[in-house]
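Listed below, chain by chain, are the residues.
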Amino acid sequence: MTPDSRTGETEPPGSLRSPHIHKTALIFLFLFSTALFFSTVGLISVGRFANPTELDTPFYLKEAIFIREQGGILNFLYLNLTGQYRQANQHPLYLMILSVVTSREFEFYPRAKILTLIIGLAAVLVTFLVAKKNFGGSVAILAIFFLALNQRFVRMSSMVAVEPLLALFILLSWHFIVKGFEREKVWGIAGIFSGLAYLSKGSGFFMAIAFTVSCLWIYGLNCFKKKSFWAYFLAHSATSAPLLVRNLIAFGNPLFNVNNLLLWGNPVDIIFYPQLWKNSPGMIAYFQDHALKEIAQRIFTGLLGQGRLLLESLSYFSQIPIYLVIGACFLTLSGFGLILDQNKKRKIFTAITFLFFFIFFSWYYAATAAQRFLVPLVPLILIYSSLGIKHFLVLLSKYPKSILSAMPGVLAALLLILSVFLLLTHLDINSLHRIDFPEGYLDLYYWLQNNVGKGETYLLGPSLTYNFDWHSRIKGRHLYFPYSDDQEHFRSYLRDNEVDYLVIDEEIYSKKELLKKYIGRVEGEGLKAVGELEGWELVYKDTTGPVNYLIFRIRREFRLVYKDEKLETDQRKQF
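Residues numbered from 1 in each chain as written. Predicted model: local features only at pLDDT ≥ 70, side-chain atom pairs only at ≥ 80, totals over all residues. Heavy atoms only, no water.

1. A closer look at the packing of aromatic side chains
This is how the line gets drawn: Ring geometry is summarised as follows: Phe, Tyr and Trp rings, the Trp one being its six-membered ring, pair when their centres sit within 6.5 Å, and such pairs are stacked at plane angles under 30 degrees, edge-to-face over 60 and tilted between the two. Buried means the residue's accessible area, taken with a 1.4 Å probe over protein chains only, is under 20% of the maximum for its type, while exposed means over 50%, and partly exposed covers the values in between. For the purposes of this entry, the term helix denotes a DSSP run of H or I that reaches at least four residues, the term strand denotes a run of E that reaches at least two, and both are numbered from the N terminus.
Tallied over the entire structure, the rule returns 63 aromatic pairs. Relative to Phe 287, the ring of Tyr 286 has its centre 5.6 Å away and its plane inclined at 85°; by these criteria the two rings are edge-to-face. Residue Tyr 286 is classed as buried on the basis of its relative accessible area, which comes to 5%. Take Phe 287: its relative accessible area is 40%, and that puts it in the partly exposed class. Ring centres of Phe 336 and Phe 392 lie 4.4 Å apart, and the angle between their planes is 25°; this geometry places the pair in the stacked category. With Phe 336 in helix α15 (residues 322-339) and Phe 392 in helix α17 (residues 378-396), this pair connects stretches of sequence that are 56 residues apart.

Below is the structure:
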């Protein structure tokens, strides 16, 4: 019972004047303010950043369309379990979620961004629950306050990206693994969330690795005698079975992902050419072909580069060097919080999880450097940063309890004021439907749609700029340019696939040496045909500014020659 400050009489806990009720109301007000602020900033970001070709956006949209048009999620799961679905870059869970709102209209893109923002908001709220369960309400409040303000997390939550979904399941997986050190039976639940993390993205599997290493560190070989340890992997395998089975049937490796090939120095373009995947060099070949000095240099460069990207992912301002200073402060506070974490097993597991992610992507940095790889760890880092702040308050302040008790109301008021200000001055509802296609994108798309007929074939890409597959109504067949730069192979590729049109853009021009005999780049003008291409006819070029693409048609008489050559080749194969 709580004494009344004026009368001295006690009040039941359920009384409206009870401090317990006031505290609960303040926390709900804070959660509402945080959700409102995050949603407002996220919607502003949805409208402000509207390029549908950034990062992996067109590939996510394309595969979501595929799922919908192939009969929906249930049939998609069947295609995975039978090995018929062979896309091996993006993992399926986020694609299945996107397929719920998919269509071949341009409007699919902003809808997908808003759906991702909802997932990001769910991750923010789960961060509060996880932090509160493990470290108390003060840490939880600080953690989601900083998370809602984190510009990188907001940015990833307002675009078509899997990282918010991955962050959500990494948090839940971390929580139940940690709780399992006290009650091992919940490791089965942890396995489900770890499996969902892996179904979201390949790096989600790191949770299973970190769990195994932590158990070996804590229990030694005795961990293999624990039924709950194996229950984790049983639940993990059952949850991620559609992907594991598909990989095993289609590629002979349950953990196959085309990005794994980039670990050993293969060019990024290899992900578009499945015929090269089986013969790609692996770890042994890499260490045989590279000197120890080269390997050490790669590790050193990766650690420095990934460290900088980590600091950027913890940033709140874009100005250099402010973001580095702020990121370093949060990382230092997180380390301080981790050191002072009194739960030894939780501390070990968290440290191993973070180190594994960081070291892996430091090695991967040479192939692809991106902030987004460590963004799923940002909520966990900010939880420990908040724990570090709480410890600092206890150490340095005479009134830590007063500060911590006042914090929900003060931060709620601050977020409400910021939300109202942003709603009135920055949020434009009409901008949520905005799409900023790159210059020349629609010009090229509509030309192909109007000129490429049914039964015809056109070459385009692989291109990070001109990805039409998620909305395409082009009647013809789309193929990539061949990976090989050999002239004879290129000619036979055109012949065997009965190619009618070739779209040569800046990306293909820069990668294909064989094209540079006939095509050049003029400063201020763009691409230009400079030589006679036998049998090719220039039929269209970019008209929106500097020429970023040229379209050639193979003349009819040469298409007939190609068909004759193909017929002769087929006949020789028969004998």
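Alright, that's what it looks like, and here's the rest.
2. Some points on the packing of helix α2 (residues 57-69) against helix α5 (residues 108-135)
Using the following cut-off: Between N-to-C directions, angles span 0 to 180 degrees; the directions come from axes that are lines fitted to C-alpha atoms, helices contributing only their stretch in contact. Under this scheme an angle from 65 to 115 degrees is roughly perpendicular, one under 35 degrees roughly parallel, and one over 145 degrees roughly antiparallel; angles in between are oblique. Contacts between residues were defined by any pair of non-hydrogen atoms, one from each residue, lying within 4.5 Å.
Contact pair α2 / α5: the axes reach a minimum separation of 11 Å and the direction vectors enclose 100°. Of the possible angle classes, the one that applies to α2 and α5 is roughly perpendicular. Contact with α2, carried on its side by Thr 57, Leu 61, Ala 64 and Ile 65, involves Phe 108, Tyr 109 and Ala 112 of α5 and no other residues of that element.

3. Concerning the environment of Tyr 364
Our working rule: Nitrogen and oxygen atoms within 3.5 Å of one another constitute a polar contact, given that in protein one can donate a hydrogen and the other can accept it, and given that sequence-neighbouring residues count only through two side-chain atoms.
Among the secondary structure elements, Tyr 364 is positioned in helix α16 (residues 344-364). Taking the relative accessible area as the measure of exposure, Tyr 364 reaches 5% and is therefore buried. Measuring from C-alpha to C-alpha, the distance between Tyr 364 and Gln 342 comes to 33 Å, with 22 residues separating the pair along the chain. Separated by 3.4 Å, the side chains of Tyr 364 and Asn 259 make a polar contact.

4. What to know about a nonpolar patch on the surface
Selection criterion: Each patch is assembled from residues with relative accessible area greater than 30% and no salt bridge, linking like charges that lie within 9 Å and nonpolar side chains (Val, Leu, Ile, Met, Phe, Trp, Tyr) that lie within 5 Å. Per-residue and other accessible areas were derived by the Shrake-Rupley procedure at a 1.4 Å probe size, with only the shown protein chains allowed to occlude residues. Salt bridge, as used here: a side-chain nitrogen of Lys or Arg that lies within 4 Å of a carboxyl oxygen of Asp or Glu.
A cluster of nonpolar side chains, Leu 216, Leu 221, Phe 224 and Trp 230, forms an exposed patch at the surface whose accessible area comes to about 410 Å². Tracing the chain through its elements places Phe 224 in the loop between α10 (206-219) and α11 (227-239). Overall, the relative accessible area of 36% leaves Phe 224 in the partly exposed class.

5. Description of the pairing of strand β7 (residues 526-529)
Keep this limit in mind: By definition, two strands form a pair when at least two bridges between them are found by DSSP.
For strand β6 (residues 519-522) and β7, the ladder comprises 4 bridges, and the chain directions are antiparallel. Each residue of the ladder has a partner; that of Arg 521, found in β7, is Leu 527. The antiparallel hairpin formed by β6 and β7 contains 3 residues in its connecting segment, where Gly 524 sits at a positive phi of about 85°.

6. Remarks on the environment of Ala 231
By secondary structure assignment, the location of Ala 231 is in helix α11. Taking the C-alpha atoms as reference, Ala 231 lies 6.8 Å from Trp 187; in sequence the two are 44 residues apart.

7. Things to note about the sheet that holds strand β3 (residues 457-460)
Across the sheet, which stays open at both edges, the 5 strands sit in the order β4-β3-β5-β9-β8 with mixed pairing between neighbours. Edge positions in the sheet fall to β4 (477-479) and β8 (536-541), since each has one partner strand and no second. Averaged over all pairs of adjacent strands, the angle between their axes in this sheet comes to 25°, without regard to strand direction. For β8 and strand β9 (residues 549-554), the ladder comprises 5 bridges, and the chain directions are antiparallel. For Tyr 540, the partnering residue across the bridge sits in β9 and is Ile 551. In the packing of helix α20 (residues 487-496) onto the sheet, the strands contacted are β3, β4, β5 (501-505), β8 and β9, and the crossing angle to β3 comes to about 145°.

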